[in-house]
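Chain by chain, the residues:
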Amino acid sequence: MPYPELRQPVAVTMGDPAGVGPEVTARAWAARRENHLPPFVAIGDAAAIAAVWDGPIARVGDMDEVQRTFNDALPVWHLEDSGPLTPGIPTAAGATCALHALETGIGLTRNQASSALVTGSVSKFALHSIGYTHPGQTEFIAERCGVTATNAVMMLAGPSLRVVPLTVHIPLIEVSGRLTVELIVAKARIVVRGLKRDFGIEHPRIALAGLNPHAGESGQLGDEEEQIMVPAVAQLAEEGIIVDGPLAADSLFAPAVRARYDALLCAYHDQALTPFKALHFHDGVNLTLGLPIIRTSPDHGTAFNIAGSGVADPGPTIAAIAMAAQLAMARERRCASAK
Ligand SMILES: NC(=O)C1=CN([C@@H]2O[C@H](COP(=O)(O)OP(=O)(O)OC[C@H]3O[C@@H](n4cnc5c(N)ncnc54)[C@H](O)[C@@H]3O)[C@@H](O)[C@H]2O)C=CC1
Ligand SMILES: NCC(=O)COP(=O)(O)O
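Every residue gets a number counted from 1 within its own chain, in the order that chain's sequence is written. Chain labels run from A onward and ligand labels from 1 onward, assigned in the order the entries are written. Totals for whole chains, interfaces and linings use every residue, but because this is a predicted model, local features are given only for residues with pLDDT of at least 70 and side-chain atom pairs only at 80 or more, for both listing and counting.

## Observations regarding the UniProt feature "binding site: substrate" (unreviewed entry) in the protein chain
UniProt positions are given in the numbering used here, feature names are shortened, and annotations may be inferred rather than shown by experiment. In the UniProt entry, the feature "binding site: substrate" (unreviewed entry) is given for T138, K277, N286 and R295. Mapped onto the secondary structure, K277 falls in helix α12 (residues 269-280). We classify K277 as partly exposed; it has 18 C-beta atoms within 10 Å. Here, residue contact means that the backbone-derived C-beta atoms of the two residues sit within 7 Å. Apart from residues lying up to four places away in sequence, K277 is in contact with G284 and D299. Inspection of the secondary structure assignment puts N286 in strand β11 (residues 285-289). The residues contacting N286, other than those within four sequence positions of it, are M154, L156, T296, S297 and D299. Secondary structure elements are defined from DSSP: runs of H or I of at least 4 residues count as helices, runs of E of at least 2 residues count as strands, and each element is numbered from the N terminus. Working definition of burial: number of other C-beta atoms within 10 Å of the residue's own, with buried at 20 or more, exposed at 12 or fewer, and partly exposed in between, all C-beta atoms being placed from the backbone.

Right, here's the structure in full:
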């Protein structure tokens, strides 16, 4: 057992049943031994897995059954029939099933029936078509956990890079208006706490990327750096946080530069996720800092263009399950030593 202190299985939602979620979850189970994965349960429509995978499935209704069946079959917490299913074609019934799976996974994890939550990829468009109003899953999970959206911080973590988009699912034109000293300081504090608590880094070093080319070139190429970022970095430094910036984003990801930091705080979604996915598509993980539960997710979307064709890489899901288990075990160890 690679995770001896993990008291409960990990809850893995399959996301949109028409996306690659069902097949990558099943293939992660098939690769459980070589990847030393902990027991986990797949939450969603069992038919969505059967449509794309011919391995063994065990329908379960409690976590004891998950523990008992995991070695021999993929445990599935079956929720509902998501209707006629064609991989690659999202439907309202499929989005409803994905949302129900998310609710179920959050509930199991908040009740400590599962040690951690791993969320499969959903289609934001399909979810919004059934009335979902949150920008992503992060904000929904935060709300269910009683945490404000600002205090639930998205981090993408891979073996050689951790990035944090300070603004996430908003149009590019709104980024400048959303960046404030308060937002940067609040998120940076949560990042530093997460690096200490979840990653065991005693003195985290972070850097803030500028928004404009050359970090604004002293105001000649934009003033967000001078007006917002410089005061935010000064305030964080005053609090004793080891922080550099704002630094020119184009060179921040160069190997010699990024190696100096434990996390890079970026102004907007693609500034963070584009270099991250270029480096760590296969083994990178999306996680949420600032929650009372552990939540991770593969760092890709529903990939409707390849769903059902058998080519989807299960690596990101394997990495998300492994990281969820490691983080949960570290927290359980800390709780045990505090008693
Ligand atoms: N965590 C989540 O729930 C996320 C959900 N999304 C949602 O996914 C939907 C599609 O978004 P896209 O921007 O097209 O991103 P995507 O990640 O679904 O696909 C982008 C490209 O990457 C490929 N790809 C993705 N996962 C792969 C895998 N496991 N193995 C091999 N190739 C893979 C796809 O085939 C496609 O060519 C959108 O509705 C978006 O909202 C996007 C990112 C994260
Ligand atoms: N691009 C990252 C992403 O879309 C993940 O968002 P979330 O659903 O985890 O909030």
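Following the structure, the description resumes.
## What about the pairing of strand β8 (residues 205-209)?
Of all 5 residues in β8, 4 are buried, a share of seventy percent or more. Here, any two strands with at least 2 DSSP bridges between them count as paired. Where β8 lies against strand β9 (residues 242-247), 4 bridges are found, and the strand directions are parallel. Its bridge partner lying in β9, I206 is registered against V243. Where the polypeptide runs from β8 across helix α9 (residues 224-238) and back to β9, its parallel neighbour, the crossover connection is right-handed. Note: β8 against strand β10 (residues 263-266), 3 bridges, orientation parallel. Of the residues in β10, the one forming a bridge with A207 is L264. A clockwise path from the first strand over the helix to the second, with the strands pointing away from the viewer, defines a right-handed crossover.

## Points about the nonpolar core
Any set of buried Ala, Val, Leu, Ile, Met, Phe, Trp, Tyr and Cys residues joined through C-beta atoms within 7 Å is what this text calls a nonpolar core. Counting 109 residues, the largest nonpolar core has V164, V191, L265, I321 and A324 as the members making the most contacts within it. Domain delimitation in this document rests on an assignment produced automatically or drawn from a domain database. When residues of this core are sorted by domain, at least three fall in each of domain 1 (1-149 + 294-339) and domain 2 (160-282). In this structure V164 touches V153, M154, M155, K187, V191, A263, L265, C266 and A272, once residues within four positions along its chain are discounted.

## Focus on the pairing of β11
When you tally the buried positions in β11, you get 5 out of 5 residues, the bulk of the element. Residue alternation in β11 divides its side chains into two sets, V285, L287 and L289 and N286 and T288, and both sets are buried. Hairpin connection of β11 to strand β12 (residues 295-298): 5 residues between the antiparallel strands, including G290 at a positive phi of 95°.

## Digging into the packing of helix α1 (residues 21-30) against helix α13 (residues 315-338)
To obtain each axis, a line is fitted to C-alpha atoms, and for helices this fit is confined to the stretch in contact; angles are then taken between N-to-C directions over 0 to 180 degrees. Where α1 meets α13, the closest approach of the two axes is 8 Å, and the angle between their N-to-C directions is 65°. Once α1 is placed against α13, the crossing between them reads as right-handed. Touching V24, T25 and A28 of α1 are T317, I318 and I321, all from α13. Only Asp, Glu, Lys and Arg are considered charged, only Ala, Val, Leu, Ile, Met, Phe, Trp, Tyr, Cys and Pro nonpolar, and every remaining residue, Gly among them, polar. Across the contact of α1 with α13, the residue classes break down as 4 nonpolar, 2 polar and no charged. By convention, the crossing between two helices is left-handed when the near helix turns anticlockwise from the far helix through less than a right angle, and right-handed when the turn is clockwise.

## Some details on the UniProt feature "binding site: a divalent metal cation" (unreviewed entry) in the protein chain
Following the UniProt record, one finds the feature "binding site: a divalent metal cation" (unreviewed entry) at H169, H214 and H269. Spanning 101 residues, the annotated positions stay apart in the fold, the maximum distance between their C-alpha atoms being 24.1 Å. Along the chain, H169 turns up in the loop between β7 (161-165) and α7 (175-178). The class for H169 is partly exposed, based on 13 C-beta atoms found within 10 Å.

## Some remarks on the site of ligand 2
Surveying the vicinity of ligand 2 reveals the residues G136, Q137, T138, L273, N286 and S297. Along the lines of polarity and charge, the residues of the shell around ligand 2 split into 1 nonpolar, 5 polar and no charged. The criterion for a residue being near a molecule or strand is a backbone-placed C-beta atom within 6 Å of that molecule or strand.

## Quick look at the domain arrangement of the protein chain
Along its sequence, the protein chain is carved into domain 1 (1-149 + 294-339) and domain 2 (160-282). Using only C-alpha atoms to locate each centre, domain 1 and domain 2 end up separated by 29 Å. Counting residues at the interface gives 8 residues for domain 1 and 7 residues for domain 2. Residue composition of the side of domain 1 that touches domain 2, by class: 4 nonpolar, 2 polar and 2 charged.

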